[in-house]
Amino acid sequence: MGLIAEDRKGAILIWTLDREARLNALPDPEDGDAFAQACARANADMTVKCVVLTGAGRAFSAGGDLTAMRDRRDLFAGSGAEIRTRYRRVVHRIVRSLYDLEIPLVSAVNGPAMGLGCGIAATADIRIASDRASFGVPFLKLGIIPGDGGAWRLPRDVGYARAAEMLFTGRSIDAETAADWGLVNRVVPHERLMDEALDTASQIAVQPAQALRMAKTLMRQGRDQTFEQILELSAALQALAHQTEDHQEGVAAVLEKRPPQFEGR
């Protein structure tokens, strides 16, 4: 069985990390391909408007496989140069693929999200946590550093000082603290987690497909570009949006006081 179990509800894809017996530990050597292929399929399908990512069982993902680290196998085998290459081809491929997903990604964090698991959850545009969730980046406890881009991402999510506290102490934080720090949008009772995630995804899925993808591009680019650069990109994308049939439909629906019927054109 592959890492990602996929289900679909209308315009929403549901991806479940399906390695329950190992607390959804990752990555195995083939996991980079699994994420890259899943993201490529979603990007190519204009009828998909949102992805919900969750974990099977009691964990979202426990992160790296400690037995593989101990035994120096799989990702962790061989020389330093070989390990570096595998990080780039597997770990980096996972986070790049998720970050480059053109449609909104909602993480439904059902339990512990540790190490790379925390990084994957935080790659989502919207993060909803069960009250049983927890988050941690315990790399230093293992004598290693964040190899998944977390040193770039985590300070942007929670601020430098809080990111430093999580990394340098190795302490985990509970779901309520994660919400207070801005790592997740909100916390819900465990039994309502998927209902809440799918409700959020459904509100996204009614939006026009092309404008939705453009809006995500603007949001992602806005994290690193200057205001002037974003204004230029906004003008270019807006010009394209004005040419779509969905724009005409949206205007007509508002004027006619009816729900819009977007067709993705």
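Look above for the structure.
Values in this document were obtained by computation on a predicted structure and should not be read as measured data.

So, how was this worked out
- Residues numbered from 1 in each chain as written.
- Predicted model: local features only at pLDDT ≥ 70, side-chain atom pairs only at ≥ 80, totals over all residues.
- Heavy atoms only, no water.
- Helix = DSSP H or I, 4+ residues; strand = E, 2+ residues; numbered from the N terminus.
- Buried < 20%, exposed > 50% of the residue type's maximum accessible area, 1.4 Å probe, protein only.
- Contact = heavy atoms within 4.5 Å.
- Areas by Shrake-Rupley, 256 points an atom, 1.4 Å probe, with all protein chains shown as cover.
- Lys, Arg positive; Asp, Glu negative; His and termini not counted.
- Charge placed at Lys NZ, Arg CZ, Asp CG, Glu CD.
- 1 Å grid on protein atoms, 1.4 Å probe; cavity = no way out; pocket = protein on both sides within 12 Å on 5 of 7 lines; lining within 4 Å.
- Points joined across faces, edges and corners; volume = space filled by probe spheres on them.
- Nonpolar A, V, L, I, M, F, W, Y, C, P; charged D, E, K, R; others polar.
- Core = buried A, V, L, I, M, F, W, Y, C linked by side-chain atoms within 4.5 Å.
- Salt bridge = Lys/Arg side-chain N within 4 Å of Asp/Glu carboxyl O.
- Polar contact = N/O pair within 3.5 Å; in protein donor to acceptor, adjacent residues only side chain to side chain.
- Patch = residues over 30% accessible without salt bridge, like charges linked within 9 Å, V, L, I, M, F, W, Y side chains within 5 Å.

1. Overview of the overall build of the chain
Next up, step 1: Along its length, the chain carries 11 helices and 9 strands.
Next up, step 2: Along the first, second and third principal axes, the C-alpha atoms of the chain reach 65 × 40 × 35 Å.
Next up, step 3: Taking all 265 residues of the chain together, the buried fraction comes to 46%.
Next up, step 4: The long-range share in the chain, meaning contacts at least 24 apart out of those at least 6 apart in sequence, stands at 67%.
Next up, step 5: Summed over all atoms, the accessible surface of the chain reaches about 13,400 Å², with 54% contributed by carbon and sulfur.
Next up, step 6: Between the mean site of the 32 positive side-chain charges and the mean site of the 35 negative ones, the chain shows a separation of 4 Å.

2. Digging into empty space enclosed by the protein
Next up, step 1: For the structure shown, the criterion picks out 1 cavity of 30 Å³ or more.
Next up, step 2: Considered as a void within the structure, the largest cavity measures approximately 30 Å³ in volume.
Next up, step 3: As for the largest cavity, its lining consists of Arg22, Pro27, Asp28, Asp65, Ala68, Asp74, Leu75 and Phe76.
Next up, step 4: Class assignment for the residues of the lining of the largest cavity results in 4 nonpolar, no polar and 4 charged.

3. Regarding the nonpolar core
Next up, step 1: Residues Trp15, Phe35, Ile120 and Phe135 are the most contacted members of the largest nonpolar core, which totals 49 residues.
Next up, step 2: Those residues within four positions of phenylalanine 35 in sequence are excluded, and the remaining contacts are Leu3, Ile4, Leu17, Leu26, Ile94, Ser97, Leu98 and Ile120.
Next up, step 3: Counting 17 residues, the second-largest nonpolar core is a separate cluster that includes Val188, Leu193, Ala197 and Leu198.

4. With respect to the pattern of salt bridges
Next up, step 1: All chains considered together, the criterion is met by 23 salt bridges.
Next up, step 2: The salt bridge partner of arginine 70 is aspartate 71, with a shortest N-O separation of 2.9 Å.
Next up, step 3: Here arginine 127 ties to aspartate 157 by a salt bridge, and the two come within 3.4 Å at their closest N and O atoms. Note that arginine 127 is positioned in strand β6 (residues 126–130) and aspartate 157 in helix α5 (residues 150–158), a separation of 30 residues in sequence.
Next up, step 4: The exposure class of arginine 127 is buried, given its relative accessible area of 7%.
Next up, step 5: The buried category is assigned to aspartate 157, whose relative accessible area is 14%.
Next up, step 6: Where salt bridges share partners, they join Arg19, Arg22, Asp28, Asp31 and Asp65 into one cluster.

5. Re the layout of surface pockets
Next up, step 1: Put simply, the largest pocket is a space of about 360 Å³.
Next up, step 2: The element contributing the most residues to the lining of the largest pocket is helix α9 (residues 209–221), with 5 residues.
Next up, step 3: Counted by class, the lining of the largest pocket contains 8 nonpolar, 2 polar and 7 charged residues.

6. Quick look at the side chain of threonine 54
Next up, step 1: The topology assignment puts threonine 54 in strand β3 (residues 50–55).
Next up, step 2: For threonine 54, the side chain forms a polar contact with the main-chain oxygen of alanine 108, separated by 2.8 Å.
Next up, step 3: In this structure, threonine 54 is in contact with Trp15, Thr16, Leu17, Phe60, Ala108, Asn110 and Met194, ignoring residues within four places of it in sequence.

7. Let's talk about a negative patch on the surface
Next up, step 1: A contiguous patch of negative charge, built from Asp131, Asp174, Glu176, Asp180 and Glu191, is present on the exposed surface.
Next up, step 2: Inspection of the secondary structure puts aspartate 180 in helix α7 (residues 175–181).

8. What to know about the side chain of arginine 213
Next up, step 1: Tracing the sequence through the fold places arginine 213 in helix α9.
Next up, step 2: Among all residues touching arginine 213, those that are not within four sequence positions of it are Ala42, Asn43, Asp45, Met46, Val48, Glu102 and Ile103.

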